[in-house]
Amino acid sequence: MSPEPLCSEAPACSLCGEPAVIHQRHAGRLLCGIHLIADLEHRVSGTIASQKQIVPGDCVAVALSGGKDSTALLLLLHRLFKSHNDIRFVAVTVDEGIDGYREATIRSAEGLARRLGVKHITVSFRELFGDSLDTILKDRETQACSICGILRKKALVKGAERAGATKLATGHNLDDEAQSVLMNVLRGDLMRLVRNSGADSGGRFIPRVKPLMYVQEKEIATYLVLQGIWSELPECPYAIHALRREVRSVLSGFEYRHPGTMLRLMENKKMIEAAFLGKTGGEPVGHCRECGDPCSGETCQLCQLRHSLGR
Ligand code: SF4
Ligand code: ZN
């Protein structure tokens, strides 16, 4: 029996035979750089078209944190729509005020927007809510992501309103979306899945769209490496407290051992949404009695948060 070669060759792309850069386990194929880029652009433009996420006349506010998902989102949208004169993009960055973390990602966001010639708006927690996240979270670090999530949502809508946007695009990927499904199940809050995901503020309704919702995190990372703009950025210091971190690790293990798990979770979400179509998760959408924003109860999440923070 001949010995195994000491150094085996890189596996080949299932489509062209060139060295592969990624194994799409759920699809049972390997892809080279050129075919991965083509595949991502094709799938993202398919998601946008099938859900009418972006249509002629739109001004799209792109949530640009400067992290890898939002960077890939702006790059992909710019490539897909650069010849469409009837669609505009404005990048919106939220500065939560997280010392030692946000500065680097904001610099990266500014650099990308400048390079692509996309208008860029930054809104800060300090300006909108009177304090940085670091100050707001004093002695409440374990609740960081739930508090930050509510404030970020509001800040993004404010930025989108200032930009005169008709849509708000976020870089949520397949991993994020599948994690959210699982987290809602674990929290016993399945109804949250079917609540209206539009971005509301003061009576103005800006639909939120997620063009990367069927793209895996590892595909996005490889895409950025191929575009030559991969850079290691610091991780948010509060991320260690997040339930999402645990769910992420469990889910990626499942996805590795049982490829397609994340897509199947998304299919479940779609089935639940279809079952509740027109019922808005069983709760009527009204308006917050304090600030007037649309919400499903009497008081919106932001006003509830203000009360619990004593602000
Ligand atoms: Fe906010 Fe949590 Fe994200 Fe940090 S990890 S930016 S605290 S949501
Ligand atoms: Zn309110």
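In what follows, the structure referred to is the one given above.
Quick caveat: nothing in here was measured; it's all calculated off a predicted structure.

## Observations concerning the coordination of the zinc ion (ligand 2)
Tetrahedral metal sites with four donors have an ideal angle of 109.5 degrees; octahedral sites with six donors have ideal angles of 90 or 180 degrees.
Here comes step 1: Summarising the metal site, the zinc ion (ligand 2) is bound by the protein donors Cys288 (SG), Cys291 (SG), Cys300 (SG) and Cys303 (SG), whose distances to it range over 2.2 to 2.4 Å.
Here comes step 2: One chain supplies every donor to the zinc ion (ligand 2), and in sequence these donors are spaced C-x2-C-x8-C-x2-C. Here Cys288, found in the loop between strand 10 (286-287) and strand 11 (294-295), pairs with Cys300, found in the loop between strand 11 and helix 11 (301-309); they are 12 residues apart in sequence, far enough to count as distant. Each of the two residues, Cys288 as well as Cys300, counts as buried.

## A short note on the packing of helix 6 (residues 144-162) against helix 11
Here comes step 1: It is at 10 Å that the axes of helix 6 and helix 11 come closest, and there the two elements cross at 130 degrees. One way to sum up the angle between helix 6 and helix 11 is to call them oblique. Considering how the two elements wind past one another, helix 6 and helix 11 form a crossing that is left-handed. For the pair formed by helix 6 and helix 11, the contact residues are Ile147, Ile150, Leu151, Lys153 and Lys154 on the first element and Gln301, Leu302, Leu305 and Leu309 on the second.
Here comes step 2: In terms of residue class, the contact of helix 6 with helix 11 is built from six nonpolar, one polar and two charged.

## Things to note about the sheet that holds strand 4 (residues 88-95)
Here comes step 1: Within the open sheet, the five strands sit side by side as 5-4-3-6-9. Their pairing is parallel. The sheet terminates laterally at strand 5 (119-124) and strand 9 (208-209), the two strands that pair on one side only.
Here comes step 2: As paired strands, strand 4 and strand 5 are joined by six bridges and run parallel to one another. In the sheet register, Asp95 faces strand 5, and the bridge partner there is Ser124.
Here comes step 3: In the packing of helix 6 onto the sheet, contacts are made with strand 3 (59-63), strand 4, strand 5, strand 6 (167-169) and strand 9, and the angle to strand 4 comes to roughly 145 degrees.

## As for helix 11
Side chains three or four residues apart in an α-helix point the same way, a direct result of the helix having 3.6 residues per turn.
Here comes step 1: Considered for burial, the residues of helix 11 that qualify are Leu302, Cys303, Leu305 and Leu309. One face of helix 11 carries all of its buried residues, which in axial projection span an arc of 160 degrees.
Here comes step 2: Against the buried residues of helix 11 lie helix 4 (125-129), helix 5 (133-136) and helix 6.

## Notes on the site of ligand 1
Here comes step 1: In the region of ligand 1, the neighbouring residues are Cys145, Cys148, Cys236 and Tyr238.
Here comes step 2: Considered class by class, the residues forming the shell around ligand 1 number four nonpolar, no polar and no charged.

## Overview of the pairing of strand 4
Here comes step 1: For strand 4, the buried fraction is high: six of the eight residues fall into the buried class.
Here comes step 2: Across five bridges, strand 3 lies against strand 4 in parallel orientation. By the bridge assignment for strand 4, Val62 is matched with Ala91.
Here comes step 3: Taken together, strand 3, helix 2 (residues 68-81) and strand 4 constitute a β-α-β crossover, and its handedness is right-handed.
Here comes step 4: Crossover strand 4 to strand 5 through helix 3 (residues 102-116) is right-handed.

## Looking at the environment of Ile48
Here comes step 1: With respect to the helices, strands and loops of the structure, Ile48 is situated in helix 1 (residues 33-50).
Here comes step 2: As for Ile48 and Leu212, which are separated by 164 residues in sequence, their C-alpha atoms are 9.1 Å apart.
Here comes step 3: Apart from the residues lying within four places of it in its own chain, the contact partners of Ile48 are Gln53, Ile54, Leu77, Leu80, Phe81 and Pro211.

Conventions used here
Residues numbered from 1 in each chain as written. Chains lettered and ligands numbered in written order. Predicted model: local features only at pLDDT ≥ 70, side-chain atom pairs only at ≥ 80, totals over all residues. Heavy atoms only, no water. Donors = N, O, S within 2.8 Å, 3.2 Å for Na, K, Ca; no water. Helix = DSSP H or I, 4+ residues; strand = E, 2+ residues; numbered from the N terminus. Buried < 20%, exposed > 50% of the residue type's maximum accessible area, 1.4 Å probe, protein only. Axes fitted to C-alpha atoms, helices over the stretch in contact; angles between N-to-C directions. Parallel < 35°, antiparallel > 145°, perpendicular 65-115°, else oblique. Left-handed = near helix turned anticlockwise from the far one by under 90°. Contact = heavy atoms within 4.5 Å. Nonpolar A, V, L, I, M, F, W, Y, C, P; charged D, E, K, R; others polar. Pairing = 2+ DSSP bridges. Arc of directions from axis to C-beta. Near = heavy atom within 4 Å. Right-handed = clockwise from strand over helix to strand, strands pointing away.

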